[in-house]
Amino acid sequence: MSFPALPDVFGNYALRGFEEIVPPDPVSWLPVTLGWRIVLVILLARFSWSAFKYSRKWWHDRYRRSALRKLEHIFTSDSVSSARLRSVAELLKATALHAYPRDEVAALSGTAWIGWLNQHAKEPLFDNELRNLLTTTLYRSEGNIDAAQLDQLRTAAAHWISQHPGAADA
């Protein structure tokens, strides 16, 4: 069985004489000129340098993150307030010993220690109440340590740990 032959004029009579339009090849998004390759190399170099600087800072500041976790652990534990006070004082000293030279930090105590902490902060964090709390109350047996003062000490210690300039930054 065969089909009948097609007429000479086939399809839409209004479109007689039109040819099918062939679209051009799509434009490549890859840089093909030297200028774009130079821009790409510069951007990759800048990104790599930024990633390197960020990772180096992140690695250098791991002691801060560890100290902040220890500070949170001190205040979430069930220890008495004088033990918390001693732990915060020890944590501040250990953090300072990690960030600054030992001969500059190790011998400090009392008001000289608190003055050094304030000097090595962007703004003075430890006022007279906290100075008394860390210098005199620290060495007494369990007394009346106000919870508000401990909370203020926690805030000041966390701010100092996270914001102090390191010895290399200073």
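First, a word on scope: everything that follows refers to the structure included in this document. (Residues numbered from 1 in each chain as written. Predicted model: local features only at pLDDT ≥ 70, side-chain atom pairs only at ≥ 80, totals over all residues. Heavy atoms only, no water.)

This paragraph deals with the packing of helix H2 (residues 62–76) against helix H7 (residues 147–163). Across the interface, H2 lies against H7 with an axial gap of 9 Å and an inter-helix angle of 170 degrees. Compared by their axis directions, H2 and H7 come out roughly antiparallel. Touching Arg64, Ala67, Leu68, Leu71, Glu72 and Phe75 of H2 are Leu150, Arg154, Ala157, Ala158, Ile161, Ser162 and Gln163, all from H7. When its residues are assigned to classes, the contact of H2 with H7 shows 8 nonpolar, 2 polar and 3 charged. (Axes fitted to C-alpha atoms, helices over the stretch in contact; angles between N-to-C directions. Helix = DSSP H or I, 4+ residues; strand = E, 2+ residues; numbered from the N terminus. Parallel < 35°, antiparallel > 145°, perpendicular 65-115°, else oblique. Contact = heavy atoms within 4.5 Å. Nonpolar A, V, L, I, M, F, W, Y, C, P; charged D, E, K, R; others polar.)

So, about a nonpolar patch on the surface. On the surface, Leu34, Ile38 and Ile42 cluster together into a nonpolar patch covering about 320 Å² of accessible area. Tracing the backbone through its elements, the reader meets Ile38 in helix H1 (residues 34–60). You can call Ile38 partly exposed: its relative accessible area is 44%. (Patch = residues over 30% accessible without salt bridge, like charges linked within 9 Å, V, L, I, M, F, W, Y side chains within 5 Å. Areas by Shrake-Rupley, 256 points an atom, 1.4 Å probe, with all protein chains shown as cover. Salt bridge = Lys/Arg side-chain N within 4 Å of Asp/Glu carboxyl O. Buried < 20%, exposed > 50% of the residue type's maximum accessible area, 1.4 Å probe, protein only.)

Attention shifts here to the environment of Leu117. By the secondary structure assignment, Leu117 is in helix H5 (residues 110–119). The spacing of Leu117 and Ala96 is 21 residues in sequence and 8.5 Å in space, taken between C-alpha atoms. Dropping the residues within four chain positions of it, Leu117 is found in contact with Leu92, Phe126 and Trp160.

Let us now look at the side chain of Arg84. Here Arg84 lies in helix H3 (residues 81–99). When its relative accessible area of 18% is taken as the criterion, Arg84 is described as buried. Of the polar contacts made by the side chain of Arg84, one reaches the backbone oxygen of Ser77; its length is 2.7 Å. Setting aside anything within four residues of it in sequence, one finds Arg84 in contact with Ile74, Phe75, Ser77 and Ser79. (Polar contact = N/O pair within 3.5 Å; in protein donor to acceptor, adjacent residues only side chain to side chain.)

So, about empty space enclosed by the protein. Summed over all chains, the structure comprises 1 cavity of 30 Å³ or more. As a volume, the largest cavity reaches approximately 40 Å³. Lining the largest cavity, in full, are Ala121, Lys122, Glu123, Leu125, His159, Trp160, Gln163 and His164. Class assignment of the residues belonging to the lining of the largest cavity gives a composition of 3 nonpolar, 3 polar and 2 charged. (1 Å grid on protein atoms, 1.4 Å probe; cavity = no way out; pocket = protein on both sides within 12 Å on 5 of 7 lines; lining within 4 Å. Points joined across faces, edges and corners; volume = space filled by probe spheres on them.)

Attention shifts here to helix H6 (residues 128–135). Since one α-helical turn is 3.6 residues long, residues separated by three or four positions face the same way. Within the span of H6, buried status applies to Leu130, Leu133, Leu134 and Thr135. Looking at the buried residues of H6, the elements they touch are H3, H5 and H7.

Further remarks concern the packing of aromatic side chains. Taken as a whole and judged by the stated rule, the model has 5 aromatic pairs. Taking 6.3 Å as the distance between ring centres and 50 degrees as the angle between the ring planes, the aromatic pair formed by Trp116 and Trp160 counts as tilted. Within this pair, whereas Trp116 is found in helix H5, its partner Trp160 is found in helix H7, the two being separated by 44 residues in sequence. If you follow Arg62 out to its NZ or CZ, it ends over the ring of Trp59, 4.1 Å from the centre. (Phe/Tyr/Trp six-rings, centres within 6.5 Å; stacked < 30°, edge-to-face > 60°. Lys NZ or Arg CZ within 6 Å of the ring centre and 35° of its normal.)

Moving on to the pattern of salt bridges. Applying the stated rule across the entire model yields 3 salt bridges. For Lys57, the salt bridge is made with Asp61, and the minimal N-O distance between the two is 2.6 Å. A relative accessible area of 52% places Lys57 in the exposed class. Residue Asp61 is classed as buried on the basis of its relative accessible area, which comes to 12%. Across the salt bridge formed by Glu72 and Arg154, the nearest N and O atoms sit 2.7 Å from each other. Note that Glu72 is positioned in helix H2 and Arg154 in helix H7, a separation of 82 residues in sequence. Salt bridges sharing partners connect three or more residues here, namely Lys57, Asp61 and Arg64.

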